[in-house]
Amino acid sequence: MSNDVAELKQYVLAHVSAQNASADGVLARIDDDGDGPRSWTTQWIRAGEEREQAGDLLAATTFYNLARFPFVDSPGRAEALRRCVAVFDRWRRTVPGIERLELRLPGGVVRAWAAGLSTTERRPVLLMTGGIVSIKEQWAPILPELARYGFAAVVTELPGVGENELRYDLDSAALFGVLLDAVAERADTSRAYALALSFSGHLALRAAPSEPRLRGIVTAGAPVAAFFTDKEWQASVPRVTVDTLARLTQTTPATVFDHVRNWALTPQDLAGVRIPVAYVASGRDEIIPPADPALLRTHVRDFRTITHDDVHGSPAHFPHTRLWTLAQVLEMSGADPRHRAAVDGALAQVEGGRA
């Protein structure tokens, strides 16, 4: 089953913005999601090859990532993911301090990129995870920056996404504890924070009541309850989201919402989240219903939020979102005041420019 190309073009834009890339030239050359010369994977891979040959490895990583978007469902997308990881690995070898982690678990292998791990300087941990369509290589380039801010930072994927071989299910919230256990000898895991975007934000909220090492959660566009239970809302959720969720949960588009209905967090669940939660909402979000951030506002004790007048992922507001989420992480962790002041100043400039 091929994806709807118009929908792919629409929903890839948030990921293009997040990676500071330009996609207009490539998108104009794409007509279908098959195997032909003007197909999704062919054109993005070609763009990646051009950047790789020019020596721009990060740009090549971005375009190979977009070639496998939204999930691997064909040999072409599998090849794109392989190239994406391999080229990112070449890039990170030129950047001191970034390392690859592989955790072999009963359900499969979890892979991650990390920076700031040390047996002599055990820093607080920042766990970063994306949603159902974003892979770790999309976020990993910021690892050196996070290490400079004083974190032992680990970037990985939601189960079933990218190189994470675990199945995405109700128990996936255990991923945060598994990651903390894996770095416990080289980081201060008693002080851990989750920058958990989109669907991984839901997992972090689920994990928080039983994972005392988590001291704060920063998320954006995370489903909470209504996304999983509101049948009327579900009828309008974009096909790419439904198909991807079905793929990760090993169900079908027709049955996936019945499968995840009991994933909804209750007011009682949220009352057990006794750590700060910061949430970026999108006022015109077509994936996450407004009832979900509203539920957090009502039931989470320490809740901070901003809302952009934008669609899911707020692609037109990415610089603001990036600075606001980073400022929240630094505040929650009690980071060096100099770092906080620098980020707060940059955030004030962005917010001033929007006034």
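Everything below is about the structure shown above.
Residues numbered from 1 in each chain as written. Predicted model: local features only at pLDDT ≥ 70, side-chain atom pairs only at ≥ 80, totals over all residues. Heavy atoms only, no water.

Caption draft 1: Focus on the overall build of the chain. On a plain count of helices and strands, the chain comes out with 17 helices and 8 strands. Computed over its C-alpha atoms, the radius of gyration of the chain comes to 19 Å, within 12% of the 20 Å expected for a compact globule of 355 residues. Counting only residues that meet the buried cut, the chain has 59% of its 355 residues in that class. Long-range contacts, defined here as pairs at least 24 residues apart, represent 69% of the contacts in the chain between residues at least 6 apart. Carbon and sulfur atoms form 51% of the exposed surface of the chain, whose accessible area is close to 14,500 Å². (Helix = DSSP H or I, 4+ residues; strand = E, 2+ residues; numbered from the N terminus. Rg over C-alpha atoms; globule rule 2.2 N^0.38 Å. Buried < 20%, exposed > 50% of the residue type's maximum accessible area, 1.4 Å probe, protein only. Contact = heavy atoms within 4.5 Å. Areas by Shrake-Rupley, 256 points an atom, 1.4 Å probe, with all protein chains shown as cover.)

Caption draft 2: Local environment of the sheet that holds strand S6 (residues 214-220). As summarised here, the arrangement of the 8 strands in space is S1-S2-S4-S3-S5-S6-S7-S8, forming an open sheet in which the pairing is mixed. Both edges of this open sheet fall to strand S1 (99-105) and strand S8 (303-308), since each of them pairs with a single strand only. For this sheet, the mean inter-axis angle between neighbouring strands, taken without regard to orientation, is 20 degrees. The pairing of strand S3 (residues 124-129) with strand S5 (residues 188-196) spans 6 bridges and is parallel. Following the sheet pairing, valine 125 is matched in S5 by alanine 192. Here helix H5 (residues 75-92) sits on the sheet in contact with S1 and strand S2 (108-115), set at roughly 30 degrees to S2. Across the sheet, helix H16 (residues 318-333) is in contact with S3, S5, S6, strand S7 (277-282) and S8; its angle to S8 comes to roughly 175 degrees. (Pairing = 2+ DSSP bridges. Axes fitted to C-alpha atoms, helices over the stretch in contact; angles between N-to-C directions.)

Caption draft 3: Up close: the packing of helix H3 (residues 40-53) against H5. For the pair H3 and H5, interaxial distance at closest approach is 10 Å and the crossing angle is 20 degrees. Considering the angle they form, H3 stands roughly parallel to H5. Considering only the axes of H3 and H5, their crossing is left-handed. Of the residues in H5, those touching H3 at Trp40, Thr41, Ile45, Glu49 and Glu52 are Gly76, Arg77, Ala80, Arg83, Val87 and Arg90. Taken together, the residues of the contact of H3 with H5 sort by class into 4 nonpolar, 2 polar and 5 charged. (Parallel < 35°, antiparallel > 145°, perpendicular 65-115°, else oblique. Left-handed = near helix turned anticlockwise from the far one by under 90°. Nonpolar A, V, L, I, M, F, W, Y, C, P; charged D, E, K, R; others polar.)

Caption draft 4: Molecular detail of the nonpolar core. One finds Trp44, Tyr168 and Phe227 to be the most contacted residues of the largest nonpolar core, which totals 125 residues. When near neighbours in sequence (up to four residues on either side) are disregarded, tryptophan 44 contacts Ala23, Val26, Leu27, Ile30, Phe63, Leu66 and Ala67. (Core = buried A, V, L, I, M, F, W, Y, C linked by side-chain atoms within 4.5 Å.)

Caption draft 5: Just the pattern of salt bridges, in detail. Under the criterion given, the structure shown has 31 salt bridges. The shortest N-O distance in the salt bridge between glutamate 52 and arginine 90 comes to 2.8 Å. Residue glutamate 52 is found in helix H3, and its partner arginine 90 is found in helix H5; the two are separated by 38 residues along the sequence. Classification of glutamate 52 by relative accessible area gives partly exposed; the value is 25%. On the basis of relative accessible area, arginine 90 is assigned to the partly exposed category, the value being 42%. Among the salt bridges present, the one from lysine 136 reaches glutamate 157, with a minimum N-O distance of 3.4 Å. (Salt bridge = Lys/Arg side-chain N within 4 Å of Asp/Glu carboxyl O.)

Caption draft 6: Representation of helix H12 (residues 239-249). With 9 of 11 residues buried, H12 is to be regarded as a mostly interior element. Of the positions making up H12, those classed as buried are Val240, Thr241, Val242, Asp243, Thr244, Leu245, Ala246, Leu248 and Thr249. Looking one or two residues past H12, glutamine 250 carries a phi angle of roughly 60 degrees, positive in sign.

Caption draft 7: Examining the packing of aromatic side chains more closely. In this structure the tally under the stated criterion is 11 aromatic pairs. Taken together, a centroid distance of 5.5 Å and an interplanar angle of 20 degrees make the contact between tryptophan 44 and phenylalanine 63 stacked. With tryptophan 44 in helix H3 and phenylalanine 63 in helix H4 (residues 57-68), this residue pair connects regions lying 19 residues apart in the sequence. Like phenylalanine 63, tryptophan 44 is buried. On the numbers, 5.6 Å between centres and 65 degrees between planes, the contact of phenylalanine 227 with phenylalanine 257 is edge-to-face. One end of the pair, phenylalanine 227, is in helix H10 (residues 226-229); the other, phenylalanine 257, is in helix H13 (residues 256-259), with 30 residues separating them in the sequence. (Phe/Tyr/Trp six-rings, centres within 6.5 Å; stacked < 30°, edge-to-face > 60°.)

Read these as layout, nothing more, since geometry by itself doesn't imply function.
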